[in-house]
Amino acid sequence: MASPMNSDSGWFLALALGVSFIKCLLINAYHSTDFEVHRNWLAVTHSMPVSKWYYEATSEWTLDYPPFFAWFEYGLSHVAAYFDKEMLVVRNLNYASPATVLFQRLSVIVTDVVFIYAIKECCKCLREDKGKELLWKPSFILATLLLWNFGLIIVDHIHFQYNGFLFGVLLLSVARHFQSRHLEGALLFSVLLNLKHIYLYIAPAYGVFLLRCFCFTQSKTGKSFTVLFKTCIGLQSQRNPPKMAFFSSLDGSVHWKSFSPFRFVVLGSIVLTTFALSFGPFIALGQVPQVLSRLFPFKRGLCHAYWAPNVWALYNIVDKVLSMLGVKLGMLDINKLPKASMTGGLVQEFQHAVLPSVSPLVTLICTLLSILPALFHVWYRPSGGRGFLRCIVICALGSFMFGWHVHEKAILMAILPLSWLAVEHREDARTFLILSTTGHFSLFPLLFTAQELPIKILLMLLFTIFSFTSLKKLFRGRLVSSVEATYLLGLIPLAVICELVYPLTPWHHTLPFIPLLLTSIYCALGVTYSFIRLYISLLTVPSTTSKGKCQ
Amino acid sequence: MDNWSLVSMCVLLGLTTRWAVSFNSYSGASKPPMFGDYEAQRHWQEVAYNLPVHEWYLNTTDNNLSYWGLDYPPLTAYHSLLCAYVAKLINPAWVELHTSRGYESSSHKLFMRTTVLIADILLYIPAVFLYCFYLSNGSSKKKVATALCILLYPGLILIDYGHFQYNNVSLGLALWGVVGLGSGWDLLGSLAFTLALNYKQMELYHSLPFFCYLLGKCIKQGLMGRGLFLLLKISLSVLATFALCWLPFLSEPQQVLQVLHRLFPVARGLFEDKVANTWCSLNVLIKIKTLLSRDAQLLLSLALTFLFVLPSSIKLLTKPTMWQFKLALVNSSLAFFLFSFQVHEKSILLPALPVCLLMNELPLMATWFLLVSTFSMLPLLLKDGLLLPYAVTSLAFLFLCVYLLSALHRSSQELHLGSCYNLTRGCLSARNFSLLVKC
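Because the structure is predicted, anything quoted here is derived from the model rather than measured.

Draft legend 1. Representation of the overall build of chain B. Counting its regular elements, chain B contains 21 helices and zero strands. The C-alpha radius of gyration of chain B comes to 22 Å, within 12% of the 22 Å expected for a compact globule of 439 residues. With respect to the three principal axes, the spread of C-alpha positions in chain B is 60 × 50 × 50 Å. Residues classed as buried in chain B amount to 57% of the 439 residues present. Carbon and sulfur atoms form 71% of the exposed surface of chain B, whose accessible area is close to 18000 Å².

See the structure below:
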């Protein structure tokens, strides 16, 4: 057979360089309004004093990321000055000279170095089997799944955002926790929170894990509480007969006396210092309310203009169907229905007609309820780094499912960490295949131009083929059941309808949102199913090696 | 990993690279009044669709030959006609007679780029994989790696998807010819090559090796028995194909002459612009263009071309093996490129294809030549605003070849030493690959 590839790190460099070359080729592709957003932020941070950063409103794209990101843009703006000084003028709205495009695109590609480094660190944390052929090695598969992640490439390098290096910081932080360098991990996460506050979605996981595994230095060998807990939630595991469940619960619960105030204080001070550095100048200027109002604009509606494939999308469609049925059956008066302009699809404030309307508080409660079991699990049965990672994925996905004004891009926060779990557990690989395929497909409406259609299809096929074949080889045997396979194959006709057939119909102009609606609803089913699967695997997978230990 | 999944991933990578390069500008973009090759192709669709066949190559009031007159053989015209039918369905304004001159829009660009992509998917890419899997040696992973390297050759991608041309059709058909000959299907192979010749007359650069190989094979099989039968079969099928392609023009001898006159514009001189061959380079020191008369130039280039093509052709006649055939292809096309009349810099793609086929046996030389060939087209690429894709694809190709091909060989040191040894022994002549390997 084939001779194995020579140097060990050669393949990693090849993968990283290969994807970087593809990213360079995409420099002249379509970019969305996010490009102008970041150009505006370069201009604002460069030309305005710090006191004006969160007040500046010449452009509609006001600064709505935390202060560290603003400082990051400030640093970039100094390099930008060498490319084209005109982009740093605040008044130059929608300025997109070739030099500006080149600079911004290159900045994303270059900052991805953080992501590449983080992936290298993650690969080191994997359990390797020596002597496996390169293409079957978990580290190779993980590196490719992360480096060549379809969603990340099209969101960062076509649509235009800086998620690469942010996910790099996140993955690095998780890797540090795996390596028991908890303080570094905590520091990295605090920095991350101050770079993009969307990572608040997974802050509960961090909080609970760090408290449980770092602040409490030992675990007890008691049994009562865990058995009680299991009986309370009615867990009947077929794989673990009652006797086994009893023995496997002989560990994991908290040894309250081992609480270390010193560690708690150190952790707290790291977090607080980071926040102080970040918000300090704004606290001094008394601008905190303004900053917070920019960061959390709750005036926006339940759903984004394009409905993210979450529970609320399903809720909306059920409401719409019920209201249409109600009008048809004469039970509802069409004039009394709120004027939710479904025809536009650009609705921000969505009033539900039949089902009760949803407020931000309701979404918060739903989100917390959805992630609480996972947090309990980390508290009572911590399984080291892997349990923590699973909790992160569940928190990210739970917040995606039930959050307020969720962007479809947030699905990446669940897909990327799940890749790590996928190369180690068969069940997670199965969930990953479903979640990544539907999640990535749900990103298709982001690139709506005809020119980018072949690119998104080709890259999606590339990633999907790779993920299926590599994970199938790794875990030997069928990974998706017939029903799941049929559902995933249904994406193909859906793509054909939305991208090719529908634009040729007369409804394309009167009801332009239908393809978005169809994509959103179809993918919401897959995402919800993955969420349920994740919970099932959380509660049924027995802790294998790390019996309730934190390392 | 299964073969099919590796192959499909390579195809997807190749297609992604191609389409990403197509985002950039094309030749003559927004440059009235003449524009460039892109406008030429669009114009040919207009001519082929609106005018009757016998007027395609004639200078008439409706068909002004000085504005991008057809100067490729009839198969190109038929291909343009096919594209024009599709264009008419989508937007008739694209091929409207006279009024569509200089038509430029993003949707039209998308259409034109798609036609190139479809030609690639149907012709060039399958030929590359068939060649790598059935006509090259090594493990399946090595074959896939070689195919990927060939697919990502920057020169072809930049010219077809940047500058805008349909080289993938003619080169694809020629490659099908090579695959046919290598698999023992001489008839189909020669048919494919004849079609390639009828698509672009530059395929004449490859014609001598095809002829010598087939003739040599016939001679080997005995000119009194099976050999003669084979020879007759091939000649008849080639002639029939030619007749079929030129059918509309065969009604008058005047037509045929006119087409030939368009295909071989001897009036245009020894060379145009800057091209990396002997004449252009020599002209820097000795002003050949002005020193010799046009007829003398013609004779000189003809003589030198044949002089340098003769050795490999004779060798191939006596020893018709695939290895000799591939080397002869390289030798012949390079000799034509260096010494022929009216060579364009894009013609470097003709030697580049056979060199791609040598990637397995001579990786270092092949990679080096392919990079240099792309570099030789840089002035053209700069004129089209393709600096960024050029830089990225060339670097990617260099890195990919060095990594993949050296990783799959025993050791890269052996690789370097072997090739360098041949280099010094063969008294380095970049044109004579056959000499190189002979030593």
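Moving on, there is more to tell.
Draft legend 2. Structural view of the overall build of chain A. Along the backbone of chain A there are 23 helices and zero strands. For chain A, buried positions account for 58% of its 551 residues. When the accessible surface of chain A is summed, it comes to about 23500 Å², and 70% of that surface belongs to carbon and sulfur atoms.

Draft legend 3. Quick look at the UniProt feature "transmembrane region" (unreviewed entry) in chain B. Residues and elements named next belong to chain B. According to UniProt, the "transmembrane region" (unreviewed entry) feature falls on residues 110-132, 144-161, 173-197, 227-249, 298-317 and 388-408. Taken end to end, residues 144-161 comprises 89% helix and 0% strand; its first and last C-alpha atoms sit 23 Å apart. Between the end C-alpha atoms of residues 298-317 the distance is 27 Å, and the span holds 100% helix and 0% strand.

Draft legend 4. Focus on the side chain of T431 of chain A. Residue and element names in this part refer to chain A. Mapped onto the fold, T431 is located in helix α18 (residues 426-441). The class for T431 is buried, based on a relative accessible area of 1%. Only 3.0 Å separates the side chain of T431 from the backbone oxygen of E427, close enough to count as a polar contact. Not counting residues up to four positions away in its chain, the partners in contact with T431 are L418, S530, R533 and L534.

Draft legend 5. Summary view of the interface of chain B and chain A. Tallying the contact residues gives 33 residues for chain B and 37 residues for chain A. Each partner contributes to the roughly 3100 Å² buried at the junction of chain B and chain A, and carbon and sulfur atoms together form 78% of this total. Taken together, the links from chain B to chain A amount to one salt bridge. A salt bridge links D2 of chain B to K473 of chain A; its shortest N-O distance comes to 3.4 Å. Looking at the side of chain B that touches chain A, the elements with two or more residues in it are α1 (3-21), α4 (106-134) and α19 (387-407) of chain B. With 13 residues, the single largest contributor to the side of chain B that touches chain A is α1 of chain B.

Draft legend 6. Molecular detail of the side chain of K196 of chain A. All names here are of chain A. Mapping K196 onto the fold places it in the loop between α8 (182-193) and α9 (203-215). For the buried K196, no salt bridge exists, and the shortest N-O distance to an oppositely charged side chain is 7.3 Å, to D156. Setting aside its immediate chain neighbours within four residues, K196 contacts Y65, P66, Q161, N163 and L166.

Draft legend 7. Quick peek at a nonpolar patch on the surface. The grouping of V318, V321, L322, L325, L329, M331 and V354 of chain A at the surface amounts to a nonpolar patch, some 620 Å² of accessible area in total. Looking at the secondary structure, you find M331 of chain A in the loop between α14 (311-328) and α15 (360-380).

Draft legend 8. Representation of the nonpolar core within the structure. Counting 314 residues, the largest nonpolar core has Y199, L397, W420 and L471 of chain A together with W56 of chain B as the members making the most contacts within it. Once residues within four sequence positions are removed from consideration, L471 of chain A is found in contact with I141, A422, V423, A429, F432, L433, F466, R476 and L479 of chain A.

Draft legend 9. Summary view of the packing of aromatic side chains. The tally for this structure, following the rule as stated, stands at 50 aromatic pairs over all chains. On the numbers, 5.8 Å between centres and 50° between planes, the contact of F259 of chain A with F264 of chain A is tilted. By relative accessible area, which is 34% here, F259 of chain A ends up partly exposed. Clustering of aromatic rings is evident, with ring pairs tying together F35, W41, Y65, F69, F72, F160, Y162 and F165 of chain A. Positioned above the aromatic ring of F12 of chain A, the side-chain terminus of K120 of chain A is 5.0 Å from the ring centre. The lysine or arginine in question, R101 of chain B, covers the ring of Y67 of chain B, its NZ or CZ lying 4.0 Å from the ring centre.

Draft legend 10. Representation of the environment of L25 of chain A within the structure. Secondary-structure assignment places L25 of chain A in helix α1 (residues 10-25). Taking the C-alpha atoms as reference points, L25 of chain A and H157 of chain A, separated by 132 residues in sequence, lie 9.7 Å from one another. If sequence neighbours within four positions are ignored, L25 of chain A has contacts with T17, A20, V21, P389, V392 and T393 of chain B.

Draft legend 11. Region of the structure containing the state of the cysteines. Tallied over the entire structure, the rule returns zero disulfides over all chains. Cysteine C123 of chain A is unpaired, with the sulfur of C122 of chain A as its nearest cysteine sulfur at 6.8 Å. Unpaired in terms of disulfides, C218 of chain B finds its nearest cysteine sulfur in C212 of chain B, a separation of 12 Å. Under the relative-accessibility criterion, C218 of chain B is labelled buried at 1%.

Draft legend 12. Focus on unusual backbone geometry. In this model, P32 of chain B is joined to P33 of chain B through a cis peptide bond whose omega is 0°. Relative to the elements of secondary structure, P33 of chain B occurs in the loop between α1 and α2 (37-50). Phi is positive for N94 of chain A, which is not a glycine, with a value near 60°. Assignment of secondary structure puts N94 of chain A in the loop between α3 (67-80) and α4 (98-124). Non-glycine residue H405 of chain A carries a positive phi angle of around 50°. In this fold, H405 of chain A is placed in the loop between α16 (384-402) and α17 (412-422).

Draft legend 13. Inspection of the confidence of the model for chain B at higher detail. Residues and elements named next belong to chain B. When pLDDT is averaged along chain B, the result is 88, and 92% of the positions lie at 70 or above. Of the regions scoring below 50 in pLDDT, residues 423-439 engages in 26 contacts with residues more than four places distant in sequence or in other chains. With a pTM of 0.90, the predicted complex shows an ipTM of 0.89.

Draft legend 14. Molecular detail of α18 of chain A. With 16 residues, α18 of chain A ought to run about 22 Å at 1.5 Å a step, and its terminal C-alpha atoms sit 23 Å apart, in line with that. The buried fraction of α18 of chain A is high, at 14 of 16 residues.

Draft legend 15. Just helix α7 (residues 167-182) of chain B, in detail. Here α7 of chain B spans 22 Å end to end across 16 residues, near enough to the 22 Å set by a 1.5 Å rise per residue. Two residues or fewer after α7 of chain B comes G184 of chain B, characterised by a positive phi angle close to 90°.

Draft legend 16. Region of interest: the environment of I27 of chain A. Residue position: I27 of chain A is located in the loop between α1 and α2 (33-47). Its relative accessible area of 3% is what places I27 of chain A among the buried residues. It is 18 Å that separates the C-alpha atoms of I27 of chain A and V79 of chain A, two residues lying 52 residues apart in sequence. What I27 of chain A contacts, discounting residues up to four positions off in sequence, is V101, L102, R105, L106 and I109 of chain A together with L388 of chain B.

Draft legend 17. Geometry of the pattern of salt bridges. Residues and elements named next belong to chain A. For the coordinates displayed, the defined rule picks out 21 salt bridges over all chains. D112 is paired through a salt bridge with K23; the nearest N and O atoms lie 2.7 Å apart. Of this pair, D112 sits in helix α4 while K23 is found in helix α1, placing the two residues 89 residues apart along the sequence. When its relative accessible area of 3% is taken as the criterion, D112 is described as buried. Across the pair E484 and R533 runs a salt bridge, and its minimum N-O distance is 3.5 Å. On the criterion of sequence distance, the pair formed by E484 in helix α20 (residues 482-489) and R533 in helix α23 (residues 514-540) is long-range, its members being 49 residues apart. There is no split in this pair, since E484 and R533 are both buried.

Draft legend 18. Focus on the packing of α20 of chain A against α23 of chain A. Residues and elements named next belong to chain A. Contact pair α20 / α23: the axes reach a minimum separation of 11 Å and the direction vectors enclose 150°. Helix-helix and strand crossings are classified by hand; for α20 and α23 the assignment is left-handed. Two secondary-structure elements touch here, α20 through E484, T486 and Y487 and α23 through Y522, C523, L525, G526, Y529 and R533. Considering only residue class, the contact of α20 with α23 consists of five nonpolar, two polar and two charged.

Draft legend 19. Structural context of the confidence of the model for chain A. Residue and element names in this part refer to chain A. Mean pLDDT over chain A works out to 85, with 85% of the residues at or above the 70 mark. Note on residues 222-229: pLDDT under 50 across the span, and 13 contacts to partners over four residues away in sequence or across chains. Predicted confidence for residues 236-251 stays below pLDDT 50, and this span has 18 contacts to residues more than four positions away or in other chains.

Reading the values: the criteria
Residues numbered from 1 in each chain as written. Chains lettered and ligands numbered in written order. Predicted model: local features only at pLDDT ≥ 70, side-chain atom pairs only at ≥ 80, totals over all residues. Heavy atoms only, no water. Helix = DSSP H or I, 4+ residues; strand = E, 2+ residues; numbered from the N terminus. Rg over C-alpha atoms; globule rule 2.2 N^0.38 Å. Buried < 20%, exposed > 50% of the residue type's maximum accessible area, 1.4 Å probe, protein only. Areas by Shrake-Rupley, 256 points an atom, 1.4 Å probe, with all protein chains shown as cover. UniProt positions renumbered as here; feature names shortened; annotations may be inferred. Polar contact = N/O pair within 3.5 Å; in protein donor to acceptor, adjacent residues only side chain to side chain. Contact = heavy atoms within 4.5 Å. Buried area = accessible area lost by both parts, 1.4 Å probe. Salt bridge = Lys/Arg side-chain N within 4 Å of Asp/Glu carboxyl O. Lys, Arg positive; Asp, Glu negative; His and termini not counted. Patch = residues over 30% accessible without salt bridge, like charges linked within 9 Å, V, L, I, M, F, W, Y side chains within 5 Å. Core = buried A, V, L, I, M, F, W, Y, C linked by side-chain atoms within 4.5 Å. Phe/Tyr/Trp six-rings, centres within 6.5 Å; stacked < 30°, edge-to-face > 60°. Lys NZ or Arg CZ within 6 Å of the ring centre and 35° of its normal. Disulfide = S-S within 2.5 Å. pLDDT = per-residue confidence, 0-100. Expected span 1.5 Å × (residues − 1). Axes fitted to C-alpha atoms, helices over the stretch in contact; angles between N-to-C directions. Left-handed = near helix turned anticlockwise from the far one by under 90°. Nonpolar A, V, L, I, M, F, W, Y, C, P; charged D, E, K, R; others polar.

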